[in-house]
Amino acid sequence: LLVSLVIYSSLVGFLDAHLFAPLTVDAFPSSSNTGVTAQDCPNWNERKSNTSGRTISTDGAVIDYEHISGGGGLRIEAKNVTIRCVKIDAKFSDRYGINCFTGKGCAGLLVENVEISNCTSACATAAGASGSPSIWRQVHLHDSQKDLLKIEGNTILEDSYLHGYKPVAGAHNDAIQTSRGSN
């Protein structure tokens, strides 16, 4: 009985501290806690700088700690790719910062702690495959001439901040646009 009371007491204390604590403004996604942050990307000062956009066609590839500022973005044509702690400034020279459509792979794509800006179409396109979703976590998308994120099916978007448009004439801007898919 004593062991049960100690476990119960510990559980109640944990729940009070974690589940019932009041939310703060910092709990909501913003430019200070999404994208490349010092807390989530502690080695950012050792990043590869000024790399150019490219096509990723190797299954299981990991792209991390890069600042892609030479224009262009990443075109994903492989499965189980991880993109982590990456900033992409497309410099309005490419349609997408990250371009991932199901026809070319993208199953199991993980994008986290990524910032994408200055895109001419959508900053990113996201698609997952049946049973293997595309996961976008703590992503900061901003300053697109059109949409920020285009989603096809089986995509999870968590704790991300999408804002800011630089619209061109005739643009129909959406933060998140989906035209097909499921889940």
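For the structure, see preceding data.
Residues numbered from 1 in each chain as written. Predicted model: local features only at pLDDT ≥ 70, side-chain atom pairs only at ≥ 80, totals over all residues. Heavy atoms only, no water.

Engineer: Residue-level account of the pairing of strand β7 (residues 110-119), with values.
Structural biologist: Within β7, 10 of the 10 residues are buried, leaving the element largely enclosed by the surrounding structure. In this sheet, strand β9 (residues 134-137) lies alongside β7 in parallel orientation, the contact comprising 3 bridges. Paired with E112 across the bridge in β9 is R137. Direction of pairing for β7 relative to strand β10 (residues 140-144): parallel, over a ladder of 4 bridges. (Buried < 20%, exposed > 50% of the residue type's maximum accessible area, 1.4 Å probe, protein only. Helix = DSSP H or I, 4+ residues; strand = E, 2+ residues; numbered from the N terminus. Pairing = 2+ DSSP bridges.)

Engineer: I'd like a rundown of unusual backbone geometry, residues and numbers included.
Structural biologist: For C85, which is not glycine, the phi dihedral falls at a positive 55 degrees. Within the secondary structure, C85 is located in strand β5 (residues 82-89). Owing to a relative accessible area of 1%, C85 belongs among the buried residues under this scheme. Even without being glycine, Q138 reaches a positive phi, approximately 50 degrees. For Q138, the position within the fold is in the loop between β9 and β10. On the basis of relative accessible area, Q138 is assigned to the buried category, the value being 19%.

Engineer: Explain the nonpolar core residue by residue, including any values.
Structural biologist: I76, V81, I83, I98, I116 and L141 are the most contacted members of the largest nonpolar core, which has 30 residues in total. Residue assignment for this core shows that the elements contributing at least two residues are β3 (62-68), β4 (74-76), β5, β6 (98-100), β7, β8 (124-126) and β11 (149-151). Element by element, the count of residues in this core is highest for β7, at 4 residues. Leaving out residues up to four positions away in the same chain, I83 has contacts with I63, L74, I76, I98, L109, L110, V111, E112 and V114. Membership of the second largest hydrophobic core comes to 5 residues, among which are C41, W44, Y65 and C85. (Core = buried A, V, L, I, M, F, W, Y, C linked by side-chain atoms within 4.5 Å. Contact = heavy atoms within 4.5 Å.)

Engineer: Residues and numbers for the environment of C85, please.
Structural biologist: C-alpha separation for the pair C85 and E115, spaced 30 residues apart in sequence, amounts to 8.1 Å. In this structure, C85 is in contact with V36, D40, C41, W44, D64, Y65, E66, E112, N113 and V114, ignoring residues within four places of it in sequence.

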